[in-house]
Amino acid sequence: MATAQDRDLLLDKLGLDGQNKAALGKVLNTGNIGQATERPDGTMEATVRIQPDEICWDPSILVLPHGGDLELTLINDDLNTHCALLPSNGDRKFIWLVNHSKGRALLNLDGPGYYWYSSPTGNDEGRGLTGTIVVLGDVPPEARLDRPTQPRP
């Protein structure tokens, strides 16, 4: 088992940190972790990008401080065309990203939890082009199950 400090070195040694080494892409969610910034009106914004020849989102894990609206900018710096199938309440969002392009998606993620997104074209998912949006917070009282209070860590 590797510590957090050793993770990057171990992934490099095993050839799992980039395309065309031991794997066609990075191991799922072994990239950077980023945080969305909150605007004065409560909406959040963040940017994720695909670096050239890496076949992964950067950051691969995006953390939101609470549920709500997110303006997500997606940048494809790669030489290949990709896309993004993104979670959002009501309906998923689809953004086509030709090589060296930028797109913007307005998402609504109102509940805490993990939401994943990917590029479902050309086996991009199988090569590691998946990302996670983590929404922090607690379930609102009206959505909680009617059961006794549970111990909290």
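Residues numbered from 1 in each chain as written. Predicted model: local features only at pLDDT ≥ 70, side-chain atom pairs only at ≥ 80, totals over all residues. Heavy atoms only, no water.

Undergrad: It is not clear to me how the nonpolar core should be interpreted in this structure. Could you clarify?
TA: Soluble, globular proteins show a tendency: their nonpolar side chains are buried together. Among the nonpolar cores identified, the biggest contains 24 residues, and W57, L64, L70, L72, L74, L86 and I133 are the most heavily contacted of them. Every element with two or more residues in this core is listed here: β3 (44-50), β5 (61-64), β6 (68-76), β7 (82-86), β8 (93-97), β9 (101-109), β10 (113-118) and β11 (130-135). In contact with L70, other than residues within four places in its own chain, are A36, M44, E45, A46, L62, L64, A105, L106, L107 and I133. (Core = buried A, V, L, I, M, F, W, Y, C linked by side-chain atoms within 4.5 Å. Buried < 20%, exposed > 50% of the residue type's maximum accessible area, 1.4 Å probe, protein only. Helix = DSSP H or I, 4+ residues; strand = E, 2+ residues; numbered from the N terminus. Contact = heavy atoms within 4.5 Å.)

Undergrad: So what exactly am I meant to see when it comes to the packing of aromatic side chains here?
TA: By convention here, two paired aromatic rings are described through the distance between centres and the angle between planes. Tallied over the entire structure, the rule returns 2 aromatic pairs. On the numbers, 5.4 Å between centres and 55° between planes, the contact of W57 with Y117 is tilted. With W57 in strand β4 (residues 57-58) and Y117 in strand β10, the pair connects residues that are 60 residues apart, well separated along the chain. Looking at W57, the relative accessible area reads 0%, which means it is buried. Summarising the aromatic geometry, the rings of F94 and W96 are spaced 6.1 Å apart at their centres and angled 25° between planes, so their arrangement reads as stacked. According to the relative accessible area criterion, F94 is partly exposed, its value standing at 47%. (Phe/Tyr/Trp six-rings, centres within 6.5 Å; stacked < 30°, edge-to-face > 60°.)

Undergrad: Even after reading the chapter, I still don't get the pattern of salt bridges, so can you show me in this structure?
TA: Side chains bearing opposite charge may pair, as long as their charged atoms lie close to each other. Per the stated rule, a full pass over the model turns up 4 salt bridges. When the shortest N-O distance is used, the salt bridge between R39 and E71 registers 3.2 Å. Highlighted residues: R39 in the loop between β2 (37-38) and β3 and E71 in strand β6, separated in sequence by 32 residues. We note a salt bridge from R49 to D77, for which the minimum N-O separation is 2.8 Å. Of the two residues, R49 sits in strand β3 while D77 sits in the loop between β6 and β7, which places them 28 residues apart along the sequence. Relative accessible area serves as the criterion here: at 27%, R49 is assigned to the partly exposed category. Members of the salt-bridge network, linked through shared partners, are R39, E45, E71 and R104. (Salt bridge = Lys/Arg side-chain N within 4 Å of Asp/Glu carboxyl O.)

Undergrad: Help me understand unusual backbone geometry, please; the structure alone is not making it clear to me.
TA: With the exception of glycine, the majority of residues adopt a negative phi angle, and the majority of peptide bonds are in the trans configuration. Cis geometry marks the peptide bond from D58 to P59, where omega comes out at 0°. Along the chain, P59 turns up in the loop between β4 and β5. In this structure, I55 is a non-glycine residue whose phi angle is positive, near 50°. Its place among the elements puts I55 in the loop between β3 and β4. Note on I55: relative accessible area 0%, which makes it buried. A positive phi angle, close to 60°, is found at N123, a residue other than glycine.

Undergrad: What's the story with the pairing of β7 in this structure? I'm lost.
TA: The side chains of a regular strand alternate between the sheet's two faces. Burial runs high along β7: 4 of the 5 residues are buried. Inspection of the sheet shows β7 paired to β8 by 5 bridges, in the antiparallel sense. Each bridged residue has a counterpart across the sheet, and for H82 the counterpart in β8 is L97. Here β7 hands over to β8 after 6 residues, with G90 in that stretch at a positive phi of 95°. (Pairing = 2+ DSSP bridges.)

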